[in-house]
Amino acid sequence: MLRPSETDMGASLMELGWTPFFSSQLSPDDRASLCPVRVMAVHRGKIAVTGFIAGTVSERLISPTIARTQDEEAHATVGDWLLIDEATSQIARILTRASLFTRRTPGNQRKMQLIAANVDTLFIVASCDQDFNPARLERYLVMAREVGVTPVIVLTKADRAENPETFAQTARALQPELEVTTVNGKDLASAARLAAWCGPGKTVALMGSSGVGKSTLIKTLTGSERIITQAVREGDGKGRHTTTVREMHRLEQGGWLMDTPGMRELHLSEAGEGLAEVFDDIMMLAQECRFSNCGHTIEPDCSVQAAIAAGGLDPARFARWRKLTSEDAASAEGRNTGSRNARNRGRSPHR
Ligand SMILES: Nc1nc2c(ncn2[C@@H]2O[C@H](COP(=O)(O)OP(=O)(O)OP(=O)(O)O)[C@@H](O)[C@H]2O)c(=O)[nH]1
Ligand SMILES: [Mg+2]
Ligand SMILES: [Zn+2]
């Protein structure tokens, strides 16, 4: 068999999201003996990978187990780039991630769950109805900023709302220059604008509560009949957790949309930088407080309380910041220090 040229390989991998960041991690030995593949879907006990295998772009269902497991993050997740052995399909290595979304596992707060890797843009999906919740949007925003991935707030079901712009305005107020868009996810003309974020080789992950319309958007944009969506519950309008698999779907123009199951809870952990970025107005005010360790409650000369009194800071926003900060601090105390802090961060993948 003829060995394919590096250019052939590079061109087909670029479609899948391959960049110099990943190719620079390959030694000449790796290039000679291993195949780079991307994790397209995570199923129970198996992962679907696509890459340059045996000279062509092909797909394989392989075991997610890694030959030499060092720590909890040696598990592969959707979006990951792996080097696999062509003959055995064994994973030899997970390439360093350009970005990684994790969360504390609900039910076991000490464990981290990998959500998605190597994402370029995060669509934070919410609906223009009773489910709309600024505090929840803020959680996702903090997570995106912490990971170093650009967030876009996508407000679905605009066709059902009397005035979708009011939802958009509330969302825009969460952070300056935040990208916010309203959409009817069932309508291609309306959803098509979102494809601008998802050019060739780019990966967009969709996250948000169950029933907000993540899969609907992907179904509309890809035209795939295979994607399953389901009506929300009659009484409370909550979703039914229809999507259970994390999976990448290809857009005709070349980008990738990553569908994820609706999350019931998103607990923050080690999100200090993300918090500081999303709430930088409060950070700035706090610098002006008389005491550097001001608790912003009854202390004299507290600039935060002064701003609230003067109408410059929304007390509800301040309360949300407090809650997220204390949650983040509690999680830091509850966890063992050490290995967790070595988590690879999107903003500094070369570290
Ligand atoms: N009218 C209208 N209905 C929508 C829109 N987006 C989604 N829906 C409906 O909302 C319901 C839930 O949509 P899904 O796409 O299954 O929601 P999901 O976010 O993927 O939910 P999970 O997979 O459970 O996380 C379906 O009945 C959709 O048809 C929209 O923009 N307008
Ligand atoms: Mg879904
Ligand atoms: Zn203060």
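Placed above this text is the structure.
So, a few notes on the structure that sits alongside this text.

Definitions and limits used
Residues numbered from 1 in each chain as written. Chains lettered and ligands numbered in written order. Predicted model: local features only at pLDDT ≥ 70, side-chain atom pairs only at ≥ 80, totals over all residues. Heavy atoms only, no water. Near = heavy atom within 4 Å. Polar contact = N/O pair within 3.5 Å; in protein donor to acceptor, adjacent residues only side chain to side chain. Areas by Shrake-Rupley, 256 points an atom, 1.4 Å probe, with all protein chains shown as cover. Nonpolar A, V, L, I, M, F, W, Y, C, P; charged D, E, K, R; others polar. Core = buried A, V, L, I, M, F, W, Y, C linked by side-chain atoms within 4.5 Å. Buried < 20%, exposed > 50% of the residue type's maximum accessible area, 1.4 Å probe, protein only. Helix = DSSP H or I, 4+ residues; strand = E, 2+ residues; numbered from the N terminus. Donors = N, O, S within 2.8 Å, 3.2 Å for Na, K, Ca; no water. Tetrahedral: all angles 85-135°; square planar, octahedral: opposite > 155°, others 65-115°. 1 Å grid on protein atoms, 1.4 Å probe; cavity = no way out; pocket = protein on both sides within 12 Å on 5 of 7 lines; lining within 4 Å. Points joined across faces, edges and corners; volume = space filled by probe spheres on them. Arc of directions from axis to C-beta. Contact = heavy atoms within 4.5 Å. Pairing = 2+ DSSP bridges.

**Let's talk about the site of ligand 1**
Not every one of the 23 residues close to ligand 1 is listed here, only the nearest: D159, G185, S210, T216 and T243. A distance of 2.6 Å separates an oxygen atom of ligand 1 from a polar side-chain atom of S210. Computed on the free molecule, ligand 1 has an accessible area of 660 Å², of which 95% lies beneath the protein chains in the complex. For the shell around ligand 1, the residue count by class is 4 nonpolar, 14 polar and 5 charged.

**Quick notes on the nonpolar core**
In a soluble, globular protein the nonpolar side chains are often hidden away together inside. Ranked by size, the top nonpolar core spans 63 residues in total, and within it F101, I153, L155 and M207 carry the most contacts. Considering every element that reaches this core, the biggest residue donor is helix α4 (residues 134-147), with 7 residues. Counting 18 residues, the second largest nonpolar core, distinct from the first, contains V125, V183, A195 and V204.

**With respect to the coordination of the magnesium ion (ligand 2)**
With distances of 2.0 to 2.1 Å, the protein atoms coordinating the magnesium ion (ligand 2) are S215 (OG) and T243 (OG1). Highlighted residues: S215 in helix α7 (residues 214-222) and T243 in the loop between α7 and β12 (246-250), separated in sequence by 28 residues.

**A few points about the coordination of the zinc ion (ligand 3)**
Of the protein atoms, only C289 (SG), C294 (SG), H296 (ND1) and C302 (SG) coordinate the zinc ion (ligand 3), at distances of 2.1 to 2.4 Å. Between the 4 donor atoms coordinating the zinc ion (ligand 3), the angles at the centre fall across 105 to 116 degrees, so the site counts as tetrahedral.

**Things to note about empty space enclosed by the protein**
Evaluated as defined, the whole model comprises 2 cavities of 30 Å³ or more. Here the largest cavity is characterised by a volume of approximately 120 Å³. Along the walls of the largest cavity sit 13 residues, with T102, M143, L268, S269 and A271 positioned nearest its centre. Contributions of two or more residues to the lining of the largest cavity are made by β6 (100-105) and α4. Of the residues that constitute the lining of the largest cavity, the class distribution is 6 nonpolar, 3 polar and 4 charged. Lining the second largest cavity are I124, V125, A126, D131, F132, N133, R136, L137, Y140, G208, S209 and V212. Of the residues in the lining of the second largest cavity, the class split is 7 nonpolar, 3 polar and 2 charged.

**Notes on helix α5 (residues 164-172)**
Of the positions making up α5, those classed as buried are P164, F167, A168 and A171. The buried residues of α5 occupy an angular sector of 100 degrees when the element is viewed end-on, so they sit on one face. Buried residues along α5 sit against α4, β9 (150-156) and β10 (179-182).

**Focus on the pairing of strand β1 (residues 34-42)**
Buried residues dominate β1, accounting for 8 of its 9 residues. Here β1 pairs with strand β4 (residues 81-85) via 5 bridges, running antiparallel. Its bridge partner being in β4, V37 is matched across the sheet by L82. With 5 bridges joining them, β1 and strand β2 (residues 47-53) adopt antiparallel strand pairing. Paired with V39 across the strands is V49, a residue of β2. Hairpin connection, β1 to β2: the antiparallel pair is bridged by 4 residues, and G45 has positive phi, about 80 degrees. For β1 and β12, the ladder comprises 2 bridges, and the chain directions are antiparallel.

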